[in-house]
Amino acid sequence: MNVTESRFKNRQLHIEDYLQMVSAEQREYAEVFDYSKITEKSGVITDYWTNNLLELILRKDNLNNAYKQVKRSRGKGGIDGMQVDELLPFLRENQETLIQEIRGGKYKPNPVRRVEIPKETKGEYRKLGVPTVVDRVIQQAIAQELSPIFEEQFSENSFGFRPKRGAHDALRQCQKNVNDGYVYVVDMDLEKFFDTVCQSKLIEVLSRTIKDGRVISLIHKYLNAGVIANGKYERTEIGMPQGGPLSPLLSNIMLNELDKELERRGHRYVRYADDCMIFCKSRKSAERTLKNIIPFIEGKLFLKVNRKKTEVAHISKVKYLGYTFYRYKGKCRFRVHQKSVVKMRNKIRELTDRNKGISNAERERKYQEYVRGWVEYFRLADMKGLLKTMDEWARRRIRAVYWKQWKKIKTKYRMLKALGMEHWKAKELACSRKGYWRMAQVLNSVITNKIVARLGYTSMLDYYLTVCEN
């Protein structure tokens, strides 16, 4: 259970209450699948468990952990309409039937529900497939057992969807490569990766490690489950649905073949999911690398390289994970890419829209959550000047929101007086016919930066100075 801290509302949970809450949750989870302890697995996967992997997946404690993870992640339901809150009663009643169907190879996954999310590029959409909550539990159980097996095979230069690794680790590895003189990159873009994965190739790669045919068959069923889009069923003979707990792991297993080939050829590279950059010391070397790696990707892995978006460029000209790079005194440093700045600015404009019908408390909460999350992600970048400018602009918009809410002259006068303004000045401003945006600038000396911060609108610059890592 997540407990969020707030600078403005200090609600503490007493330790006795917490222990009672944890005990109650554990009893609830235990009712889903009867927990039975087994001997702790050693680091070496024996032939027995390799050949009987399904039994590991269907262990009661593994299924319980999968249920808890799905419940923790929340999310919308699939095509059957069942929500996460309805999962517990269903599993209590159907757990044994479900396990027997999977063990006997009779279980049939439901098609996923198609959801389209707009990309940064206008007119382009990312297609997500939302599984039912029951399928989500089963996929999570499979992923929990396969992850430690394949983690031993994955490259040190792969950072996406892996435990104790993330975007910041990938960026630091990029920084190290540039500092070592590898300043030209092949910025690789795989066209619609999840939609174009060759299922037979993926099954072949999985079968090299997984010797239990029942697990391979179950994964294949999930790949072939189909999609419900606009009320119509569509078959999925190629690609894999992006959105379930299993798809990130399967994408890493597939692209690990590319990692091994790049390492065999002696290249320096960084890969985060399907975003891959190959580092070279000269432009000619980078162009030669691109020319030689495309036949492997398209001929051996049966993936498509997007020729329009794949490019050879100096490190200062590329965007990677929302960042861009520059060199200062011979060392590589980070900036926020302009597209990321525009996206952030548009989001703050939406949150501080004075015509939006939400409460002040809700606006303050959403603003603080977004600002803190954004600054945390971009804390590697040099952006003091950027954040100072953004803070000034955002605070002006916030003042405009409050000025509009006060509406009547007598309300404006009363609020200005309460903020310490003299009678004649408060009366003059309250009667002003200037627009909201113009008045927001006039109010700088009344609704000060400290007051704005106290209202709950975190200063981006102040928060950045506490978390930055440059």
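Residues numbered from 1 in each chain as written. Predicted model: local features only at pLDDT ≥ 70, side-chain atom pairs only at ≥ 80, totals over all residues. Heavy atoms only, no water.

Spelled out, the test is: UniProt positions are given in the numbering used here, feature names are shortened, and annotations may be inferred rather than shown by experiment.
An unreviewed UniProt entry annotates the chain as RNA-directed DNA polymerase originating from Blautia hansenii DSM 20583. Quoted verbatim from the Catalytic activity (unreviewed entry) heading of the UniProt record, the comment on the chain is "DNA(n) + a 2'-deoxyribonucleoside 5'-triphosphate = DNA(n+1) + diphosphate". The Sequence similarities (unreviewed entry) field of the UniProt record for the chain holds the comment "Belongs to the bacterial reverse transcriptase family."

### With respect to empty space enclosed by the protein
This is how the line gets drawn: The rule is simple: put a 1 Å grid over the protein atoms alone, call a set of points where a 1.4 Å probe fits but cannot get out a cavity, call an open set with protein on both sides within 12 Å along at least five of seven lines a pocket, and count a residue as lining if it has an atom within 4 Å of a point. Grid points are joined across faces, edges and corners, and a volume is the space filled by probe spheres set on the points. Going along the chain from the N terminus, every DSSP run of H or I of four or more residues is numbered as a helix, and every run of E of two or more is numbered as a strand. Lys, Arg, Asp and Glu make up the charged group, whereas Ala, Val, Leu, Ile, Met, Phe, Trp, Tyr, Cys and Pro make up the nonpolar group; the residues left over, Gly among them, are polar.
What the rule picks out here adds up to 3 cavities of 30 Å³ or more. Computed from the structure, the largest cavity encloses a volume of approximately 90 Å³. The wall of the largest cavity is formed by Gly129, Pro131, Gln139, Ile219, Tyr222, Leu223, Met240, Pro241, Gly244, Leu246, Ser247 and Leu250. Breaking the lining of the largest cavity down by element, the ones donating at least two residues are α10 (213–223) and α11 (247–264). Among the elements that make up the lining of the largest cavity, the one with the highest residue count is α10 (3 residues). Split by residue class, the lining of the largest cavity holds 8 nonpolar, 4 polar and no charged.

### What about the layout of surface pockets?
Threshold: How far each domain reaches was decided by an automatic or database domain assignment.
By volume, the largest pocket amounts to about 2,000 Å³. Looking at the lining of the largest pocket residue by residue, the class counts come to 21 nonpolar, 10 polar and 19 charged. For the lining of the largest pocket, the domains that each give at least three residues are domain 1 (44–320) and domain 2 (338–469).

### Quick notes on the nonpolar core
Note on soluble globular proteins: their nonpolar side chains tend to be buried together. Which entries qualify depends on this criterion: Nine residue types can take part in a nonpolar core, namely buried Ala, Val, Leu, Ile, Met, Phe, Trp, Tyr and Cys, and a core is a set of them joined through side-chain atoms within 4.5 Å. Relative accessibility decides the category of a residue: with a 1.4 Å probe and only protein chains considered, values under 20% of the type maximum give buried, values over 50% give exposed, and everything between is partly exposed.
With 69 residues, the main nonpolar core has Met188 and Leu206 as its most contacted residues. A per-element tally of this core places helix α6 (residues 133–151) first, with 10 residues. One finds Val318, Phe378, Val446 and Tyr464 within the second-largest nonpolar core, a separate group that totals 56 residues.

### Points about the sheet that holds strand β10 (residues 323–328)
Worth spelling out the cut-off: We treat two strands as partners when DSSP finds at least two bridges between them. Contacts were defined at the residue level, with two residues in contact if any of their heavy atoms lie within 4.5 Å. Here an angle of 0 to 180 degrees is reported between the N-to-C directions of two axes, which are lines fitted to C-alpha atoms, with helices fitted over the stretch in contact.
One open sheet accounts for 3 strands, arranged β9-β10-β11; its pairing is antiparallel. Two strands close off the open sheet at either side, each with one partner strand: β9 (319–320) and β11 (331–336). With 6 bridges connecting them, β10 and β11 associate as antiparallel partners. Its bridge partner being in β11, arginine 327 is matched across the sheet by cysteine 332. In this fold helix α7 (residues 167–179) packs onto β9, β10 and β11, with an angle of close to 140 degrees to the strand it touches most, β11.

### What to know about the packing of aromatic side chains
Worth spelling out the cut-off: A pair of aromatic rings is counted whenever rings of Phe, Tyr or Trp (Trp by its six-membered ring) have centres within 6.5 Å, and the orientation is called stacked for planes under 30 degrees apart, edge-to-face for over 60 and tilted otherwise. Put simply, a charge is over a ring when the Lys NZ or the Arg CZ is close to the ring centre, within 6 Å, and near the line of the ring normal, within 35 degrees.
Following the criterion strictly, the structure yields 11 aromatic pairs and no others. Each ring, one from tryptophan 403 and one from tryptophan 406, has its centre 5.9 Å from the other, and the planes form 65 degrees; the classification is edge-to-face. Note that tryptophan 403 and tryptophan 406 are positioned in helix α15 (residues 384–406) at a spacing of 3 residues, about one turn of the helix. The class of tryptophan 406 is buried, set by a relative accessible area of 10%. Every member of this aromatic cluster is reached through a ring pair, and the members are Tyr323, Phe325, Phe334, Trp374, Tyr377 and Phe378. A cation over an aromatic ring shows up here: arginine 335 above the ring of tyrosine 326, its NZ or CZ 3.8 Å from the ring centre. The residue whose ring lies beneath arginine 345 is tryptophan 393, and the NZ or CZ to ring-centre distance is 4.1 Å.

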